Amino acid sequence: MAKRDYYEVLGVGRDATQAEIKKAFRRLAMKHHPDRRPGDEAAEQTFKEAKEAYEVLNDAQKRPAYDRFGHAGVGSGPGGGAGFGPGSPFGNIFDEVFGDIFGGARRSARVFRGADLRYELTFTLEQAVAGDEVSIDIPTWVGCETCGGDGAVAGTVLVTCSTCGGSGQVRIQQGFFALQQNCPSCRGRGKVITDPCDDCHGHGRIRETRRLKVNVPPGVDTGDRIRLAGQGEAGRNGGPPGDLYVEIGVKPHAIFERAGVDLSCEIPIGLATVALGDNVDAPTLDGSVTLKVPAGTQSGKVFRLRGKGITPARGGLPGDLYCRVVVETPINLTQEQQELLRELESSLSEGGEKHSPRRRSWLDRAREFFGKF
């Protein structure tokens, strides 16, 4: 198969400048690189063809020869020749074209950001509503103060790694493909420690338990997170530290149930209270308040106390408190009390719907339902 014109391959004119040729190759390489399109033989061939064209047209001696004699003038064989590993004719193409993307990793040692940490902090409802300041102990990696984080004894000189040449990266050639990974000799540092620090043993970090103060704002709820920037693990090779995320959990309360900014509770009251009406004490987070229960209140009635809920952590109006009254059935009655209740029940039954409208209505519906069968 006849080889295509190199200018056609890159999609540029014969008067294209070096910058235009470089830009064209970069565009094609980013699109058809085998790492981006694994298993695509057509893309791989396009990439090899573009690489060969760039190697010729970017060369100040090869380009004039190609312009005059074509492919014969540069002696290029089918398939684009050598690969692009270290020591190959194409070894510097990617440093030149993609230097602003990959070159930095080759020129200097890689640094690694420290890991983020997570800490679970459990509060009572009262603490969550009011806010609190607590101290927590975090086991983590911190920078070694003895060596300043470089892992070497103070005053000693770090030696450039002979394996990676100080880049902290090595390239492994596998046929046409090239893989880049941290240097196994220096672990990505780019430098070799000849006299390691006695405290951190050359790692630049030591394991330590730190005590931190956490200011928890009022109104937090289960699932809320507080971020402490820079309080995670120390980075490696001088990298920045990670963050610490404090996750809030609120314990179940003996009286209140929480739903966002609202609270709810049950208030057990006696039969006489709901029948005759009375004032009862209702619990709130600020203490008890008086709740007026009208005569004839039915069990399960919910009373709303505005503004007695929780003020949200991010600002806004406080929620409400919903009090559900529940009639408590008397137990352990004496003989006399039983007789009195029977007399009351008999007296109430004589009044019919006047005293028990819901019961009479329910009985009518039940008779209607069972009468269908």
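Keep in mind it's a predicted model, so treat the numbers as computed, not measured.

Cut-offs applied
What you see as residue numbers is a count from 1 along each chain, following the sequence as written. The predicted nature of this model means local features are confined to residues of pLDDT at least 70 and side-chain atom pairs, given and counted, to a pLDDT of 80 or more, with totals for whole chains, interfaces and linings taken over all residues. Side-chain descriptors were evaluated using all non-hydrogen atoms of the structure, hydrogens and water having been removed beforehand. The way it works is that DSSP assigns letters per residue, a run of H or I at least four long becomes a helix, a run of E at least two long becomes a strand, and they are numbered from the N terminus. Categorising residues by exposure relies on relative accessible area from a 1.4 Å probe, with only protein chains included: less than 20% of the type maximum marks a residue as buried, more than 50% marks it as exposed, and the intermediate range marks it as partly exposed. In short, Shrake-Rupley with a 1.4 Å probe defines the accessible areas, and a residue's cover is counted only from the protein chains shown. Should any heavy atoms of two residues lie within 4.5 Å, those residues are counted as being in contact. Each polar contact in these results corresponds to two N or O atoms within 3.5 Å; when the atoms are within protein, one needs to be able to donate a hydrogen and the other to accept it, and residues that are neighboring in sequence are counted only if both atoms are side-chain atoms. What makes two strands pair is DSSP finding at least two bridges between them. Every angle, taken between N-to-C directions, lies between 0 and 180 degrees, and every axis is a line fitted to C-alpha atoms, over only the stretch in contact when it is a helix. The pLDDT value expresses, per residue, how confident the predictor is, ranging between 0 and 100. Note on angle classes: values under 35 degrees are labelled roughly parallel, values over 145 roughly antiparallel, values of 65 to 115 roughly perpendicular, and the remainder oblique. Put simply, a crossing is left-handed when the front helix is turned counterclockwise from the back one by less than a right angle, and right-handed when it is turned clockwise. In this classification, Asp, Glu, Lys and Arg are treated as charged, Ala, Val, Leu, Ile, Met, Phe, Trp, Tyr, Cys and Pro as nonpolar, and every other residue, Gly included, as polar. Within this document, salt bridges are pairs made up of a side-chain nitrogen of Lys or Arg and a carboxyl oxygen of Asp or Glu, the two lying within 4 Å of each other.

(A) How the structure looks around the overall build of the protein. Broken down by element type, the protein carries 11 helices and 15 strands. Looking at the protein as a whole, 32% of its 373 residues are labelled buried. If you sum the accessible surface of the protein, you get close to 22800 Å²; carbon and sulfur atoms cover 51% of it.

(B) Examining the environment of Arg-304 more closely. Tracing the backbone shows Arg-304 in strand β14 (residues 302-305). Its relative accessible area of 43% is what places Arg-304 among the partly exposed residues. Along the backbone, Arg-304 and Leu-263 are 41 residues apart, and their C-alpha atoms lie at a distance of 10.0 Å. Here Arg-304 is in contact with Asp-320, Leu-321 and Tyr-322, once residues within four sequence places are set aside. Engagement of the side chain of Arg-304 in a polar contact is seen with the side chain of Asp-320, the distance being 2.7 Å.

(C) View of the sheet that holds strand β10 (residues 257-259). In spatial order, the strands read β10-β11-β15-β14; together these 4 strands make up an open sheet with mixed pairing. Sheet topology places β10 and β14 at the edges, where each strand pairs with a single neighbour. The sheet shows a mean angle of 25 degrees between the axes of neighbouring strands, direction not considered. Looking at chain direction, strand β11 (residues 262-269) and strand β15 (residues 321-327) are connected through 7 bridges and run parallel. Bridge pairing links Ser-264 to Tyr-322 in β15.

(D) Examining the environment of Gly-219 more closely. If you trace the backbone, Gly-219 turns up in the loop between β7 (205-216) and β8 (225-228). Given the relative accessible area of 7%, Gly-219 is considered buried. Taking C-alpha positions, Gly-219 is 6.7 Å from Gly-131, a pair spaced 88 residues apart along the chain. Sequence-distant contacts of Gly-219, defined by excluding residues within four places in its chain, comprise Ala-128, Val-129, Arg-258, Ile-310, Thr-311 and Ala-313.

(E) Quick peek at the confidence of the model for the protein. Across the protein, pLDDT averages 81, with 81% of residues at or above 70. When the elements of the protein are averaged for pLDDT, helix α7 (residues 99-107) gives the smallest value, 41, and β14 the largest, 95. Contacts from residues 77-96, a stretch scored under 50 in pLDDT, to residues over four places away or in other chains number 42 contacts. Between residues 99-109, whose pLDDT stays under 50, and residues either more than four places distant or in other chains, the model counts 19 contacts.

(F) Spatial organisation of the pairing of strand β13 (residues 287-293). Inspection of the sheet shows strand β12 (residues 278-284) paired to β13 by 7 bridges, in the antiparallel sense. Bridging from a neighbouring strand, Val-280 pairs with Leu-291 of β13. Counting the residues in the hairpin turn of β12 and β13 gives 2 residues.

(G) Molecular detail of the packing of helix α2 (residues 18-32) against helix α3 (residues 41-57). Where α2 contacts α3, the two axes come as close as 9 Å, and the packing angle between them is 160 degrees. When the interaxial angle is binned, α2 and α3 end up roughly antiparallel. You can see that α2 and α3 cross each other, and the crossing is left-handed. Residue-level inspection shows Gln-18, Ile-21, Lys-22, Phe-25, Leu-28, Ala-29 and His-32 of α2 in contact with α3, the latter providing Ala-43, Glu-44, Thr-46, Phe-47, Ala-50, Lys-51, Tyr-54 and Leu-57. Looking at the contact of α2 with α3 residue by residue, the class counts come to 9 nonpolar, 3 polar and 3 charged.

(H) Spotlight on the pattern of salt bridges. Taken as a whole, this structure holds 18 salt bridges when the rule is applied. For the salt bridge of Arg-207 with Glu-233, the shortest nitrogen-to-oxygen distance reads 3.8 Å. Of the two residues, Arg-207 sits in strand β7 while Glu-233 sits in the loop between β8 and β9 (244-250), which places them 26 residues apart along the sequence. Its relative accessible area of 15% is what places Glu-233 among the buried residues. Across the salt bridge formed by Asp-221 and Arg-258, the nearest N and O atoms sit 3.6 Å from each other. A residue pair is termed long-range when its members are at least 10 positions apart, and Asp-221 in the loop between β7 and β8 and Arg-258 in strand β10 qualify at 37 residues. The network of salt bridges with common partners includes Arg-113, Asp-116, Arg-227 and Asp-243.

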